[in-house]
Each structure stands twice: as structure tokens, then as C-alpha cells.
Amino acid sequence: MKRYINQFLAIFSVEMKDLMRQAGQFGFIIFLPFLFSFFTFGIGAGISGSTPSLEIWFYQIIGFTVLTISLIFAESSAGYVREGLLTGRLEYLLASPTHPLIIVIATALFNSIFALSIFFIVGMIATIIVYGVLKILNFILSIFILTLFLLPMLGINLIIAALTIIAKEPAGIVQPINSIIIATSGFVYPITLLPLFLQSLGRSLPFHYAVENVRMTIIEFINLLYLYPLPLLLLYFIAGIVIYRLLEDNFIRKRGTYGW
Amino acid sequence: MAGNIYKKINKIFAEIGRGFALWKSYKIFIISDFISAPFWIYFFILAILIYAQHLLNDKFILTNLMWGLFMFFFISSFLWMGNSIILVVQTGILENIILTNTKISTHLLGRSVVSVIDVTTGGIILILMAYYTFNLTLYIADPLFFAIFLILAFLFFLFFSTIYAILIIASRSPWIITNILQFIIPFFSWSNTNSNV
């Protein structure tokens, strides 16, 4: 057990050091939801000819933040695999007695902390701007709701990581998956504006429920009725682990090694 | 003199050839672009029109937004072309380019092939999406002028991206600047809205 904890801490600390070296990246990701929401706010104002409501801006900035977090989460392990393949680090990691799932868990936990920090900073600023300090408790509660929904997202992350091991080029796989997630999950607009088949696609993924529950918790309060899909969505997490193990084992059996 | 011109033309054709080879070597991106583009179009249109949902049936506004998106694809694609200089530096290719007395703009011409193909693909998908999902017909009033202005825009962005590439060459995280500029430039160019509105 101690060995696994040490492996976990080693990977986690490497990720932390990597982040510290690129503080600008963290700043940019925090800035991104503001950039996007002001961008649509400005064009929306230009088109409608009046100053749009701040509630819609809030709806969008929370949506853009959860969207950014989802994207980081969806491709984090795939990016790790790709970087590991390019630099040869993955070969060494897998040749060492490090358990592959320890690698995934350590990077996922690091990404969870990273994602929740982004949400905390952006969400706190946006909540105070629009609703004042009155909704701060609701906002803090929404962080816990988001944490719950990170688990099914992790399942999707594992599936993408496994596909990356096979296809070797994550961008080609991640880009279409991301575009489907972004367009159909209703991050920045109600999914009812989409055609029915795209609505169904959005409703079958965990991202829609994550963003809706987070927004609802801040604006109104936690509603257990809306958390009903969570146990079902946890199937994504289980499916992610199973598919990852299957594809990884199958690939190693065929090729004898990872990557090229 | 004639030999000099011949050399330059030769370099340009070599770069164009390299661009096509580059594009063909990433087949997965071609498929990925075809799948992603319609979803991105939906996303951008609805993210903007949430502020004025009654305009979802306004053909004038939607047509302008579609052309705005085309310009966004155009600007974004060429900014990423400028950003590609970083890979050229990292792989040590830039040293050889300088040694062969080739201009950076000539070298970027190769990468511009990928950008032009990307913009064309995006444009075709945009026209199809406009017609089949938003019931719009994006027509070109004067195809000759359209072609002339596209060529001018291509030349402008080729040189603009060259200047941009030189400016970001020493930057530690140039992708951050590119990501921001790809939204800021179209926004301040009024390419997503109609200035008469």
C-alpha cells in the first residue's frame, strides 16, 4: 500500500511542479470564461440593440467555466499519454512497477483540484458581480455538486485515453468528441434550442446534468430531484475503467508495448 | 536575374508541395474537421443568439452571422498558421531555412495550404449547414469580386501571420496569445455582427 501511495505522490508532485512552471497557463484558463462570455455578450448586445441581462451573462460564464473544466477533464489523460509517448516517459513509467491506474488516478486528482480551483475563482467573481454575497453559500454548495459530476466525466476521460493509446494522435479523436460535448450539453444555451436528436445526445452525457445542477444550485438551491441521473451517470465511470483496461490489455497483447 | 526568379518560384512550389504533403499526412484531422465543424457552427450561433432568441428566425441576422463565422474560421486558421512557427523553431528547421536564405513568409506559404483547405472545408460545411438547418441561402452577389477579395484577404493574412509569427517566436506560451487573438480580432472587426444594426 505504501508503495502505491509513494507512486501516487511522485506523479502528483511532478504534475504540480509542471503547473508551477506554467503559471500563465492557469491565468489564461481563468481568463477564458470571461473572454468567451464577454465576447457573446458584446455580439448579443450588438444584435439585439439593447444591453442584455446580466442573468444571461451569469448563465453563460458558469456554462463556459464548466465547459473549460469538462474539456480539461476529457483530454487530460489523453494528453498525458500523448506527451508520454512523445518524450518516451510513458515507456519508462510502464516498465517501472508503477500501476497504470495509479498514473490515471494521480493525474485525474491533480486535474480535479486544478478544475475546481478554476471554478472557485471564476464562479465566485461572477456570483458576487450578479447576485452579491447573498448567494455565496449556494455557490460553495455548487462546488460539491460539481465534484460529484467529475466522476462520470472521469469515465469519459479514461475512454479517450484508451483510444489515444491505439490511435496515438489524441487531437484527431479529442476534437470531434469535444465539439459534440460542447454543442449538445447546453453549457451556454438551453439544449431545447437544438434539434431533438442532438438534445437526446446531450441528455445521454454527464456534462449537461453537471452544468444544469451547478447553475440551479447557485441561482435557486440544491434540488435532489434534479440529481436523479447521477447514480446512472456513475455507470460512465465504471464503463471508463472497464473499457480502458480492455483496450490497454488488448493493445499490449498485440504490440507487446505501448505506442510505436 | 532570371535564375534568381527561377529559384524563388522553385522555393514557392517546394513549399506548396510541402503544404499538401503536410495536409495529407494528417488524414485523421480531415475526418475530424468534417465531424467537428457543424457542431462548432451550432455552438457559436446559439451561444450568441441566446441574447436575442426571437432572431433565430431572422434570415438577415442569421446570414450575417454565418458570414461572420466564415471570417472567424479564416482569421483563426491563419493565426494558427503563424503559431506553427513555434514547431519549426522547436524542431530546428528554422536554422536551416535561414541558412538557405529563404524568407519566413515563403516558408509559411507551405503551411498556408493547410489553412486554405481548412477554410474551404469550413466554408462548404457552413453553406450546407445554413441551407439544411437554418433554411438560409448564402449567395454570392458578385463571384468575381468575391474571388478577388478572397485572394487579397489571403495575401493580407499571409503577411500578417508572418509578422505575428516573428512577434511570438520568443514567447513561452504562444498558444495563449493565439487563442485570445482569434476571438478579439473578429470581434473588433465587427465580422460577427452587422455594423448597420
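Cut-offs used in this document
The numbering scheme is per chain: residues are counted from 1 as the chain's sequence reads. Each chain is given a letter, starting from A, and each ligand a number, starting from 1, according to the order in which they appear as written. Given that the model is predicted, a residue must reach a pLDDT of at least 70 before its local features are reported, and side-chain atom pairs must reach 80 or more before they are shown or counted; all residues, however, enter totals for whole chains, interfaces and linings. Hydrogens and water are ignored here; the side-chain numbers use all heavy atoms of the structure. Only DSSP runs of H or I with at least four residues qualify as helices, and only runs of E with at least two residues qualify as strands; both kinds are numbered from the N terminus onward. Type-normalised accessible area, obtained with a 1.4 Å probe on protein chains alone, sets the label of each residue: buried when under 20%, exposed when over 50%, and partly exposed for intermediate values. In what follows, a contact means two residues having at least one pair of non-hydrogen atoms within 4.5 Å. All accessible areas in this document rest on Shrake-Rupley with a 1.4 Å probe, and a residue is counted as covered only by the protein chains that are shown. Defined here as a combined quantity, buried area equals the accessible surface (1.4 Å probe) lost by two parts on assembly, summed across both. Salt bridge, as used here, is a side-chain nitrogen of Lys or Arg placed within 4 Å of a carboxyl oxygen of Asp or Glu. Note on ring pairs: Phe, Tyr and Trp rings are taken, using the six-membered ring of Trp, and paired if centres are within 6.5 Å. Classes follow the plane angle, with under 30 degrees stacked, over 60 edge-to-face and the rest tilted. Definition used: whenever NZ (Lys) or CZ (Arg) falls within 6 Å of the ring centre and also within 35 degrees of the ring normal, the charge is taken to sit over that ring. Fitted lines through C-alpha atoms give the axes, limited to the stretch in contact for helices. The angle between two N-to-C directions lies from 0 to 180 degrees. Angle categories: roughly parallel below 35 degrees, roughly antiparallel above 145, roughly perpendicular from 65 to 115, and oblique for all the rest. A clockwise turn of the near helix away from the far one marks a right-handed crossing, whereas an anticlockwise turn of less than a right angle marks a left-handed crossing. Classification used: nonpolar for Ala, Val, Leu, Ile, Met, Phe, Trp, Tyr, Cys and Pro, charged for Asp, Glu, Lys and Arg, polar for all others including Gly. Only buried residues count toward a nonpolar core. Its members are Ala, Val, Leu, Ile, Met, Phe, Trp, Tyr and Cys residues joined through side-chain atoms within 4.5 Å. Patches were defined on residues exceeding 30% relative accessible area and lacking a salt bridge, with like-charge contacts within 9 Å and nonpolar side-chain contacts (Val, Leu, Ile, Met, Phe, Trp, Tyr) within 5 Å. Throughout this description, a polar contact denotes any pair of N or O atoms lying within 3.5 Å of each other; where both atoms belong to protein, one of them has to be capable of donating a hydrogen while the other can accept it, and for residues adjacent in sequence the pair is counted only when both atoms sit in side chains.

With respect to the overall build of chain B
Alright, step 1. If you tally the helices and strands in chain B, you get 8 helices and 0 strands.
Alright, step 2. Sequence-ordered secondary structure for chain B, helices as α and strands as β, is α-α-α-α-α-α-α-α.
Alright, step 3. Counting only C-alpha atoms, chain B reaches 60 × 40 × 35 Å along its principal axes.
Alright, step 4. When the 197 residues of chain B are sorted by exposure, 45% land in the buried category.
Alright, step 5. Partitioning the contacts of chain B with sequence separation of at least 6, the portion at a separation of at least 24 is 81%.
Alright, step 6. Counting every atom, chain B has about 10900 Å² of accessible surface; 71% of that belongs to carbon and sulfur.

Some remarks on the overall build of chain A
Alright, step 1. Counting its regular elements, chain A contains 10 helices and 0 strands.
Alright, step 2. Residue burial in chain A is summarised as follows: out of 260 residues, 55% are buried.
Alright, step 3. When the accessible surface of chain A is split by element, carbon and sulfur atoms take 73% of a total near 11400 Å².

Structural notes on the interface of chain B and chain A
Alright, step 1. Facing the 34 residues of chain B at the interface are 44 residues of chain A.
Alright, step 2. Taking both partners together, chain B and chain A bury about 3400 Å²; carbon and sulfur atoms supply 82% of that area.
Alright, step 3. Contact with chain A buries surface across chain B, with Phe39, Phe43 and Tyr51 of chain B losing the most and accounting together for 22% of the total.
Alright, step 4. Here chain B is connected to chain A by 0 salt bridges.

Description of the packing of aromatic side chains
Alright, step 1. Throughout the structure, instances matching the rule amount to 35 aromatic pairs over all chains.
Alright, step 2. The interplanar angle of 15 degrees and the centroid separation of 5.9 Å between the aromatic rings of Phe8 of chain A and Phe12 of chain A together place this pair among those described as stacked. In this pair, Phe8 of chain A and Phe12 of chain A both sit in helix α1 (residues 2-21), 4 residues apart, roughly one turn of the helix.
Alright, step 3. For Phe12 of chain A, a relative accessible area of 17% translates into the label buried.
Alright, step 4. Arranged with centres 6.4 Å apart and planes meeting at 25 degrees, the rings of Phe34 of chain A and Phe38 of chain A form a pair that is stacked. Taken as a pair, Phe34 of chain A and Phe38 of chain A lie in helix α2 (residues 23-48) at a separation of 4 residues, close to a single helical turn.
Alright, step 5. In this structure an aromatic cluster arises from ring pairing among Phe36, Phe39, Phe64 and Tyr189 of chain A together with Trp40, Phe43, Phe44, Phe72, Phe73 and Phe183 of chain B.
Alright, step 6. In this arrangement the basic side chain of Lys135 of chain A is found over the ring face of Tyr131 of chain A, its NZ or CZ atom lying 5.8 Å from the centre.
Alright, step 7. Residue placement shows Arg215 of chain A over the ring face of Tyr59 of chain A; its charged tip is 3.6 Å from the ring centre.

As for unusual backbone geometry
Residue and element names in this part refer to chain B.
Alright, step 1. Unlike most non-glycine residues, Asn101 shows phi in positive territory, near 60 degrees.
Alright, step 2. Along the chain, Asn101 falls in the loop between α5 (93-99) and α6 (104-132).
Alright, step 3. Residues other than glycine seldom take positive phi values, yet Asn135 does so here, at roughly 55 degrees.
Alright, step 4. Mapping Asn135 onto the fold places it in the loop between α6 and α7 (143-168).
Alright, step 5. Residue classification places Asn135 among the exposed positions, given a relative accessible area of 53%.

Section: the packing of α6 of chain B against α7 of chain B
All names here are of chain B.
Alright, step 1. With their axes 10 Å apart at the nearest point, α6 and α7 run at an angle of 120 degrees to one another. Compared by their axis directions, α6 and α7 come out oblique. Taken as a pair, α6 and α7 cross one another with a handedness that is right-handed. Between α6, through Ile104, Ser105, Leu108, Leu109, Ser112 and Val116, and α7, the contact on the second element is made entirely by Phe154, Leu158, Phe159, Ser161, Thr162, Ala165 and Ile166.
Alright, step 2. Residues of the contact of α6 with α7, tallied by class, amount to 9 nonpolar, 4 polar and no charged.

Description of the nonpolar core
Alright, step 1. Core analysis: the biggest nonpolar cluster contains 128 residues, and Phe119 and Tyr189 of chain A together with Ile41, Phe43, Ile45 and Met66 of chain B have the highest contact counts within it.
Alright, step 2. By residue number, the principal contributor to this core is helix α5 (residues 100-131) of chain A, which donates 15 residues.
Alright, step 3. Look past the residues within four positions of Ile45 of chain B in its chain and what remains in contact with it is Leu62, Leu65, Met66, Leu69 and Phe134 of chain B.

Examining a nonpolar patch on the surface
Alright, step 1. A cluster of nonpolar residues, Leu144, Phe145, Ile148, Phe149, Ile151, Leu152, Leu155 and Phe159 of chain B, forms a patch on the protein surface that exposes about 820 Å² of accessible area.
Alright, step 2. Here Ile151 of chain B is to be found in helix α7.

Notes on the pattern of salt bridges
Alright, step 1. By the definition in use, this model includes 2 salt bridges over all chains.
Alright, step 2. Across the salt bridge formed by Arg215 of chain A and Glu212 of chain A, the nearest N and O atoms sit 3.1 Å from each other. With a gap of 3 residues between them, Arg215 of chain A and Glu212 of chain A both fall in helix α9 (residues 206-219), about one helical turn apart.
Alright, step 3. Note on Arg215 of chain A: relative accessible area 2%, which makes it buried.
Alright, step 4. The closest approach of N and O atoms between Arg18 of chain B and Glu15 of chain B, which form a salt bridge, is 2.7 Å. Of the two residues, Arg18 of chain B and Glu15 of chain B both sit in helix α1 (residues 2-25), 3 residues apart, roughly one turn of that helix.
Alright, step 5. Classification of Glu15 of chain B as buried rests on a relative accessible area of 10%.

Examining the side chain of Thr178 of chain B
Residues and elements named next belong to chain B.
Alright, step 1. Its place among the elements puts Thr178 in helix α8 (residues 174-188).
Alright, step 2. In this structure Thr178 comes out as buried when scored by relative accessible area, which is 0%.
Alright, step 3. A distance of 2.8 Å separates a polar atom in the side chain of Thr178 from a polar atom in the side chain of Asn83.
Alright, step 4. Contacts of Thr178, omitting those with residues within four sequence positions, involve Leu79, Trp80, Asn83 and Tyr164.

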